[in-house]
Each structure stands twice: as structure tokens, then as C-alpha cells.
Amino acid sequence: MRSGHPRLLLSLSIAASLLLCLALWAVFRYAPLELNMGAVQKVFYFHVSANWAGMLGFLVALVVSVIYLRTADLKWDIAAVAGIELGMVFTAMGIVSGMIWARPTWNTWWTWDPRLTTIAVVEMVYAAYFMLRQGIEECERRARFGAVYSIVGFISVPLTFFSIRFARTIHPVVIGSGDSSNQVFNMTPAMLQTFLLCLFAFSVLFVVLLWHRLRLGLLAQEVEDAANACWE
């Protein structure tokens, strides 16, 4: 799992860099200006893509946590930690970019809108995951408790996605039409193409960062195992 295909990882790293450059060009040169919001709307492409990558991180943690409970193999615990770390970083990027977008649009950096409230809850839920792990010294017990927590904590992720569909909100609906009480963000073909390109670029970037983080985690585990063996 650590060694894998380093050439493939290098190729993916290069591809992620090129895709991000292409996405930047598409956002600022190809996609047209939105009539009402103007240039600040371009934050949208990075805002949604970052939140998407954050969701992927939490989803990975959910899947590998289930696998860990079935196999008790610590490499899946390392994968869960990696997924949650990346999920929190990308979600934080989504929150900050959303605040930048909100300031000129809503005339405030933050409002306790259902979407904003639930995404803040997601960050706090997963921050508590690391606090839980810090309080448990024995590695198998820590991994088991962490796996259960990440499975239960994932409930907060779909809650965030559906919050703007089940509650009255000023947050625009990007995917799906929503109901009449919500704003619907309609995109031109060029906007949609740019949006999908950004989603794809961030997805590849997520895979690359996850792979690097897994290799780092497994190397750290090998060093810890070797150190413990020296003391025996």
C-alpha cells in the first residue's frame, strides 16, 4: 500500500498540477462573468470543489473505518486518519472561500444559515475525532474507537448537503433545482464546463494528497514498529 506504483503517483501529481492550472485559466479567462455578482462569483468554482474534496475525505474515512472493524488491520486506521485530515483541510478551504464570497454578496462574512451552520458542525465533529484519539494510548483500542466515531460522525456530512433542501436558506442550490423557497444558481454551458473541470481537478488533487499521506502514515508506522522492536 505504501510502495504502490510510485511512477503512477508521480504521473498523477503532474496531472493534478496541470489540471489546477487549466482550471485557473478556465475560471478567470473562459467562464463568463455572472450578471448580478460579477467577479466575486468566480470564488464559487473553488468553494464548491473544495467542499466536494472535503466530502470525499470523510467518505474515504467512513469506508476504511468499516473495513478496519472487519479486519483489525491498522493500515486502514491510518487511511481513516488521512481521509479525515484531508477532509478537514478541504472543508476549511470551502468555509473560508464561502466567507469571501458571502461578504460582497450577503454583506456579511458569516450568518447562521442552515448550510453554514451544518458545515461548521462537520468541522467540529471531526476535530473531536482527533481529541478522542489523543485520549487513548493503546493503538488497537484507539483505532477501534476512532473507526466507530468516524462512521457515526459521517451522519453530519449528508446533513450538510441536504440542509438547503429541507430548510429555508439564502444559500444557492447548485446541484438540483431545490424548491421555490431557495435560490437556484443557473449556469451557462461555459460555467458548467468550468465547474466540472474544477471538480475533476480537485478530485485528482485529493487522490494525490491522500496517496502521499498514506505513504507517510505507513512509513511512520514502520519507524514506530522498529523503535518498539529495539526496546524489546
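A few words now on the overall build of the protein chain. Helices and strands together make up the secondary structure of the protein chain, namely seven helices and zero strands. When the helices and strands of the protein chain are placed in sequence order, the string is α-α-α-α-α-α-α. When each of the 232 residues of the protein chain is scored for burial, the buried share is 43%. Within the protein chain, counting contacts between residues at least 6 apart in sequence, those at least 24 apart form 75% of the total. Accessible surface, the protein chain: about 12,700 Å² in total, of which carbon and sulfur atoms supply 69%.

At a minimum axis distance of 7 Å, the contact between helix H2 (residues 43-71) and helix H3 (residues 74-106) shows a crossing angle of 160°. On the basis of the axis angle, H2 is roughly antiparallel to H3. Seen from above, H2 lies across H3 with left-handed handedness. Class assignment for the residues of the contact of H2 with H3 results in 21 nonpolar, 12 polar and one charged.

Quick look at the pattern of salt bridges now. When the charged atoms of two side chains lie near each other, side chains of opposite charge can form a pair. Under the criterion given, the structure shown has two salt bridges. Put simply, Asp77 and Arg133 hold a salt bridge, and the shortest N to O gap is 2.8 Å. Taken as a pair, Asp77 in helix H3 and Arg133 in helix H4 (residues 114-134) lie far apart in primary sequence, 56 residues in all. Here the two residues Asp77 and Arg133 agree in accessibility, since each one is buried. One salt bridge in this structure joins Arg213 and Glu85, with 2.6 Å as the shortest N-O distance. Taken as a pair, Arg213 in helix H7 (residues 189-231) and Glu85 in helix H3 lie far apart in primary sequence, 128 residues in all.

A few words on the nonpolar core. In this structure, Phe58, Ile84, Phe90, Tyr126, Phe154, Phe206 and Leu210 are the most contacted members of the largest nonpolar core, which totals 25 residues. Elements represented by at least two residues in this core include exactly H2, H3, H4 and H7. Considering every element that reaches this core, the biggest residue donor is H3, with eight residues. Here Tyr126 is in contact with Phe58, Ile84, Met88, Ser150, Gly153, Phe154, Ser156 and Val157, once residues within four sequence places are set aside.

It is worth spelling out the environment of Ser11 at this point. Locating Ser11 in the fold gives a position in helix H1 (residues 6-30). Since its relative accessible area comes to 43%, Ser11 is described here as partly exposed. Here the alpha-carbon distance between Ser11 and Val208, two residues 197 residues apart in the chain, equals 9.6 Å.

One turn of an α-helix holds 3.6 residues; hence residues three or four places apart share an orientation. With 15 residues, helix H5 (residues 139-153) should reach 21 Å at 1.5 Å per residue; the first-to-last C-alpha distance of 20 Å fits that figure. Capping the start of H5, Glu138 holds a side-chain oxygen 3.2 Å from the backbone nitrogen of Glu140, two or three residues further along.

This paragraph deals with the packing of aromatic side chains. For the structure shown, the criterion picks out 10 aromatic pairs. Residues Trp25 and Tyr30 carry aromatic rings whose centres are separated by 6.0 Å and whose planes lie at 15° to one another, so their mutual orientation is stacked. On the basis of relative accessible area, Trp25 is assigned to the partly exposed category, the value being 48%.

What follows concerns the confidence of the model for the protein chain. Per-chain confidence: the protein chain averages 84 in pLDDT, with 84% of residues scoring 70 or above. Looking over the protein chain, one finds the lowest element-wise mean pLDDT in helix H6 (residues 156-166), namely 75, and the highest in H2, namely 94. Segment residues 177-182 is flagged for pLDDT under 50; beyond a separation of four residues in sequence, or across chains, it makes 11 contacts in the model.

Conventions we followed
- Residues numbered from 1 in each chain as written.
- Predicted model: local features only at pLDDT ≥ 70, side-chain atom pairs only at ≥ 80, totals over all residues.
- Heavy atoms only, no water.
- Helix = DSSP H or I, 4+ residues; strand = E, 2+ residues; numbered from the N terminus.
- Buried < 20%, exposed > 50% of the residue type's maximum accessible area, 1.4 Å probe, protein only.
- Contact = heavy atoms within 4.5 Å.
- Areas by Shrake-Rupley, 256 points an atom, 1.4 Å probe, with all protein chains shown as cover.
- Axes fitted to C-alpha atoms, helices over the stretch in contact; angles between N-to-C directions.
- Parallel < 35°, antiparallel > 145°, perpendicular 65-115°, else oblique.
- Left-handed = near helix turned anticlockwise from the far one by under 90°.
- Nonpolar A, V, L, I, M, F, W, Y, C, P; charged D, E, K, R; others polar.
- Salt bridge = Lys/Arg side-chain N within 4 Å of Asp/Glu carboxyl O.
- Core = buried A, V, L, I, M, F, W, Y, C linked by side-chain atoms within 4.5 Å.
- Expected span 1.5 Å × (residues − 1).
- Polar contact = N/O pair within 3.5 Å; in protein donor to acceptor, adjacent residues only side chain to side chain.
- Phe/Tyr/Trp six-rings, centres within 6.5 Å; stacked < 30°, edge-to-face > 60°.
- pLDDT = per-residue confidence, 0-100.

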